Amino acid sequence: MTDLKRPLVAEAPQSAAACAHCGAALVPGQGRFCCTGCEAAYGLVRGLGLDAFYRRRESADGALRPEAAPPVFDALPLIREEADGAKSLDLMISGLTCGACVWLVEQALAAEPDVIKARVSFTTRRLDLRWQGAAERGNELIALLARLGFRVAPYTPACMRATEDAEGRALIRALGIAAFGAMNVMLVSIAVWVGEDMGAHTREFMHWLAALIGLPTVLVAGMPFYRSAAAALRAGRVNMDMAVSLGVLATAGMSLVETFRNGPYTWFDGATALLALLLAGRVLERAARKKARQAVAEVLALQDGMVALLAGDGITRLVPVASLEAGQAVQIAAGEALRLDGRAQVETLLDTAAITGESLPRGFAAGAALPAGAVNMGAPFVLEVTAPARDGSLAAMARLLEAAEQSKGRFVSIADHAARYYVPIAHAIAAATFLLWWVGFDALWQEALVNAVCVLLITCPCGLAIAVPAVQVVANGALFKRGVLVASATALERLAEADCAVLDKTGTLTEGRPVLIPEGQDATVLRAAAGMARASRHPLAKALVRACPEAPLVEGTREIPGQGLEAGTARLGSPACCNVTGIRDGMVLVFRASADAAPVIFRFADRLRADAPQVVADLKALGLPVELLSGDGPGAVASAAKAAGIETWQAEADPRAKAAHIESLKEAGRKPLMVGDGINDAAALAAAHVAASPAGATDLAQTTADIVLQREGLAVLPEAIRLARRAQILARQNIGFALAYNVIAVPTAIAGLVNPLIAALVMASSSLIVIGNALRAGRG
């Protein structure tokens, strides 16, 4: 294998039609380059000893042409200084078309003596660059890439969300071609199959019409499978794509032969329909793989943007979050989200629901650690940054998500397990059949080939290939009608295997918002308190307004940071704010119309979902012990657990603790189902064997979850588990039938007792039986 670190000397392709550097079309007589920029870039590549790039690249479409005046941006504010004094910078690279472009970028930067690290991710177009020396070198290294023809921009989570997905687009395009071809070929084939009295010339015309549509469809739409099969062969292994490729191509090949000889039937319809079904499953699988990047991007987006940096002279200026280091001061306005971890020298009131799942804002003492992602519910304050964005709590949560998703990505489906043994055996039998007839029975090679193709047709893994996808399609459709959206290709399989359930409290087991408990409060007093509450964003104040929506805003109401509201002599807020003792803070507000008036207590509760106790009972009946895991205080968690019938619970669990608890269950051999709705649940959802989120969950929770409950409540969750278990039983039955069918049908093909028509009929019938069995999944 060639050492990628050692430049290979090779001349750029000499072409009179294309630019030697970027590959753009040339005008006759223009020479070897389309512009002076490409000529200079070509000289630079050769000067670096990296002209092997021109041999390595897979395509050249003009995208690498250097711009005459490339966009300039100052990278200095984005450059970070590491602990060892090195400088680092994350950049977005545009213009990467293949692995050779990645190689060129990395090698060109590695040739610079002060560059320590230059790594490019082709998937995300992200360049991780580190060097020793002055920060100004960052701009010089960016200019080097621009001279090569690459366009460079600062890398942000928005770049991750906007990354090109060439593979995804190619799969969708192939699916569209396969579906269009299959439908049209089917129309032609039906006429042949039912036209017993069809004339020979009419049948020949129909065969050629089917071939005209079917052959391009098979050749173009099947490319994702053919490439995968070729890659597997180069790697010395087998996969399902290899079996599918040979089966589809053999079917199309025999159909073409039958078309030339005007045989009674062709099988272009089966080949194109199989491709359409398999490509639909591949598109869903591709979408599932993108979830990890989306989840990480949404976490990092919480700290993306600008903050007000407080300089030594007291003047603030907006700077990127990524440019801040520990020890710097940031001005936090009322209602603003903290984008960095830090401390404040004053008491603060923060809504940490996105981070800890707590249903109420929490007060933080002066000097206490304040988490990034929390929202300032009190007065403005100055935040002293304790960790840069790359080392903060949100970045740590993103790393947890990445690690958990990578672990889940190694899951292998039942069909893949079967294909690992089935595919090489089927191909070996077909090859042995050909040799048996040609060498052993001294038959003509054409006759031996027909028998071998019959074996391939009969053993074509159509039934095996759709054994699991067909069940998943039917089960997913049935769940969708019941209000359950399946967001992962392997979600049903993992949901069926779950052996314990872990539920979040706020927003999952409960409704997620406080409600006033009616205790005979005077209507006039309630109206006055609700009028003051309109001036606050506090969840309890909002609950009070919902209890008396007709109450008008009390003019002159002002907020006492961290305590409550006052309007003249009237006060509404915590017991301490209203000088009331003997009442614990929590889900309670106190109202005093004046300093001498008697205090009125308003108590609130985060109501349990009406179906929660029954859902917990149903989960237990399915053999899943239920645990409650929440960031709320022990009192609220214990009360909710008792009301729902849950014996095991844990309170004050932050995102790390939740993820750690899920990991501990997995280490103990369990396969936990995690149900959560908040950003703080994302890491635990990603780490779980299977994850679900209820209706109204945050976008991040729904992105991370494998199944999303579209209807209010949790009642459909036990039903989804039952249906998933039934689906897996049917999938195993389908695989068993597909294998048993081959045990019976293959000997007849080896013996030469069937022709391609019979082989195709048998293959089609096995697929119909598998699909018919899969339809039963929707009845569970």
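What counts, and at which threshold
Residues numbered from 1 in each chain as written. Predicted model: local features only at pLDDT ≥ 70, side-chain atom pairs only at ≥ 80, totals over all residues. Heavy atoms only, no water. Phe/Tyr/Trp six-rings, centres within 6.5 Å; stacked < 30°, edge-to-face > 60°. Helix = DSSP H or I, 4+ residues; strand = E, 2+ residues; numbered from the N terminus. Buried < 20%, exposed > 50% of the residue type's maximum accessible area, 1.4 Å probe, protein only. Patch = residues over 30% accessible without salt bridge, like charges linked within 9 Å, V, L, I, M, F, W, Y side chains within 5 Å. Areas by Shrake-Rupley, 256 points an atom, 1.4 Å probe, with all protein chains shown as cover. Salt bridge = Lys/Arg side-chain N within 4 Å of Asp/Glu carboxyl O. Axes fitted to C-alpha atoms, helices over the stretch in contact; angles between N-to-C directions. Parallel < 35°, antiparallel > 145°, perpendicular 65-115°, else oblique. Left-handed = near helix turned anticlockwise from the far one by under 90°. Contact = heavy atoms within 4.5 Å. Nonpolar A, V, L, I, M, F, W, Y, C, P; charged D, E, K, R; others polar. Expected span 1.5 Å × (residues − 1). Arc of directions from axis to C-beta. Core = buried A, V, L, I, M, F, W, Y, C linked by side-chain atoms within 4.5 Å. Pairing = 2+ DSSP bridges. pLDDT = per-residue confidence, 0-100. Lys, Arg positive; Asp, Glu negative; His and termini not counted. Charge placed at Lys NZ, Arg CZ, Asp CG, Glu CD. Polar contact = N/O pair within 3.5 Å; in protein donor to acceptor, adjacent residues only side chain to side chain.

Colleague: Would you mind going over the packing of aromatic side chains with me for this structure?
Modeller: Geometrically, a pair of aromatic rings is defined through the distance of the ring centres and the angle of the planes. Inspection of every chain in the model, using the stated rule, returns three aromatic pairs. Look at Phe-434 and Trp-438: their rings are 5.4 Å apart centre to centre, the planes differ by 45°, and that puts the pair in the tilted class. Placement of both Phe-434 and Trp-438 in helix H14 (residues 414-440) is noted, with a separation of four residues, approximately one turn of the helix. By relative accessible area, Trp-438 is classed as partly exposed at 42%. Plain terms: the ring middles of Trp-437 and Phe-441 are 5.0 Å apart, the flat faces sit at 90° to each other, and that makes the pair edge-to-face.

Colleague: Explanation requested: a nonpolar patch on the surface in the structure shown.
Modeller: A grouping of Leu-435, Trp-438, Val-439, Trp-445 and Leu-449 is seen on the molecular surface, where their side chains present a nonpolar patch of about 530 Å² in accessible area. Breaking the nonpolar patch down by element, the ones donating at least two residues are H14 and helix H15 (445-459). For the nonpolar patch, the element with the highest residue contribution is H14, accounting for three residues. On the secondary structure map, Leu-435 appears in helix H14. With relative accessibility at 47%, the residue Leu-435 sits in the partly exposed group.

Colleague: Looking at this structure, how should I read the packing of helix H19 (residues 523-533) against helix H20 (residues 539-547)?
Modeller: Two measures define how a pair of helices packs: the angle their axes make with one another and the distance between the axes. Across the interface, H19 lies against H20 with an axial gap of 8 Å and an inter-helix angle of 135°. Classed by the angle they form, the pair H19 and H20 counts as oblique. Once H19 is placed against H20, the crossing between them reads as left-handed. On H20, the residues that touch Leu-526, Ala-529, Ala-530 and Ala-533 of H19 are Ala-541, Leu-544, Val-545 and Ala-547. In terms of residue class, the contact of H19 with H20 is built from eight nonpolar, no polar and no charged.

Colleague: Which parts of the structure should I look at to understand helix H23 (residues 655-667)?
Modeller: Counting along an α-helix, one turn takes 3.6 residues, and residues three or four places apart therefore face a common direction. Across its 13 residues, H23 extends 18 Å between first and last C-alpha, which sits within 8% of the 18 Å expected from 1.5 Å per residue. What H23 keeps buried is the set Pro-655, Lys-658, Ala-659, His-661, Ile-662 and Leu-665. The arc that holds the buried residues of H23, viewed along the axis, is 155°, so those residues lie on one side. Opposite the buried face of H23, at more than 90 degrees from it, the exposed residues are Arg-656 and Glu-667. A positive phi of about 90° marks Gly-669, the residue just after H23.

Colleague: Teacher, can you tell me more about the nonpolar core here?
Modeller: In a soluble, globular protein the nonpolar side chains are often hidden away together inside. Residues Ile-646 and Leu-673 are the most contacted members of the largest nonpolar core, which totals 49 residues. With ten residues, the top contributor of residues to this core is helix H26 (residues 716-750). With residues near it in sequence (within four places) discarded, Ile-646 still touches Leu-503, Leu-509, Val-616, Val-626, Glu-627, Leu-628 and Ala-641. Ranked by size, the runner-up nonpolar core spans 43 residues in total, among them Leu-26, Leu-50, Leu-89 and Ile-93.

Colleague: Looking at this model, I keep getting lost on the pattern of salt bridges. Mind explaining?
Modeller: Once the charged atoms of two side chains with opposite charge are near each other, the side chains can pair. Per the stated rule, a full pass over the model turns up 19 salt bridges. Between Arg-137 and Glu-140 there is a salt bridge, with the nearest N and O atoms lying 2.8 Å from each other. Of this pair, Arg-137 and Glu-140 both sit in helix H4 (residues 137-148), three residues apart, which is roughly one turn of the helix. Residue classification places Glu-140 among the partly exposed positions, given a relative accessible area of 45%. Across the pair Lys-505 and Asp-632 runs a salt bridge, and its minimum N-O distance is 2.9 Å. Here Lys-505 is found in helix H18 (residues 505-509), whereas its partner Asp-632 is found in the loop between strand E23 (626-629) and helix H22 (634-644), with 127 residues between them in sequence.

Colleague: What am I meant to see in the pairing of strand E4 (residues 126-131) here?
Modeller: Residues in a regular strand point their side chains to alternate faces of the sheet. Taking every second residue as pointing to the same face, the buried face of E4 carries Leu-127, Leu-129 and Trp-131, while none of Arg-126, Asp-128 and Arg-130 on the other face is buried. Relative to E4, strand E2 (residues 87-94) runs antiparallel, the two being bridged by six bridges. Across the sheet, residue Lys-87 finds its bridge partner in E4, namely Trp-131. Where strand E3 (residues 115-121) meets E4, six bridges bridge the pair, whose relative direction is antiparallel. Opposite Val-120, over in E4, you have Leu-127 as the bridge partner.

Colleague: Would you explain the sheet that holds strand E6 (residues 306-310) in this entry?
Modeller: Pairing between the strands of a sheet comes from backbone hydrogen bonds, and it takes one of two forms, parallel or antiparallel. Taken in spatial order, the six strands of this open sheet run E7-E6-E8-E14-E9-E12, and their pairing is antiparallel. Pairing within the sheet leaves two strands with one partner each, and these edge strands are strand E7 (316-320) and strand E12 (369-370). Here E6 pairs with E7 via five bridges, running antiparallel. Considered in E7, the bridge of Leu-310 is made with Thr-316.

Colleague: It is not clear to me how the sheet that holds strand E11 (residues 362-364) should be interpreted in this structure. Could you clarify?
Modeller: With antiparallel pairing, the three strands of this open sheet are ordered in space as E11-E10-E13. In this open sheet, the two strands that pair with only one neighbour each are E11 and strand E13 (375-376). Pairing of strand E10 (residues 348-351) with E11, which is carried by three bridges, proceeds in the antiparallel orientation. Looking across to E11, one finds that Leu-349 is bridged to Gly-363.

Colleague: So what exactly am I meant to see when it comes to unusual backbone geometry here?
Modeller: Comment: phi is negative for the bulk of residues other than glycine, and the bulk of peptide bonds are trans. Unlike most non-glycine residues, Asn-579 shows phi in positive territory, near 55°. In this fold, Asn-579 is placed in the loop between strand E20 (570-573) and strand E21 (588-592). Judged by its relative accessible area of 64%, Asn-579 is exposed.

Colleague: Just checking my understanding: could you explain the confidence of the model for the chain for this structure?
Modeller: Atom-level detail of predicted coordinates should not be read off regions where pLDDT is low. Looking at the chain as a whole, the pLDDT averages 79, with 81% of positions reaching at least 70. Here residues 403-413 scores under 50 on pLDDT; set against residues more than four positions off or in separate chains, the count is 19 contacts.

Colleague: What should I look at first to understand the environment of Asn-451 in this one?
Modeller: Within the secondary structure, Asn-451 sits in helix H15. Of the residues examined, Asn-451 reaches a relative accessible area of 6% and is grouped as buried. As for Asn-451 and Val-754, which are separated by 303 residues in sequence, their C-alpha atoms are 8.0 Å apart. If we skip the residues at most four places from it in the chain, Asn-451 touches Thr-433, Trp-437, Ala-749 and Gly-752.

Colleague: What exactly am I supposed to notice about a positive patch on the surface here?
Modeller: There is a patch of like positive charges on the surface, built from Arg-513, Arg-537, Lys-542 and Arg-546. Here Arg-537 shows up in the loop between H19 and H20. Overall, Arg-537 belongs to the partly exposed group, its relative accessible area being 43%.

Colleague: Before we go on, may I ask you to explain the side chain of Lys-658 in this structure?
Modeller: Relative to the assigned elements, Lys-658 resides in helix H23. A polar side-chain atom of Lys-658 sits 3.2 Å from a polar atom in the side chain of Asp-504.

Colleague: In this structure, what is going on with the environment of Ala-651? I would like to understand it.
Modeller: In this fold, Ala-651 is placed in the loop between strand E24 (648-650) and H23. Counting along the chain gives 15 residues from Ala-651 to Ala-636, while the straight-line C-alpha distance between them is 8.6 Å.

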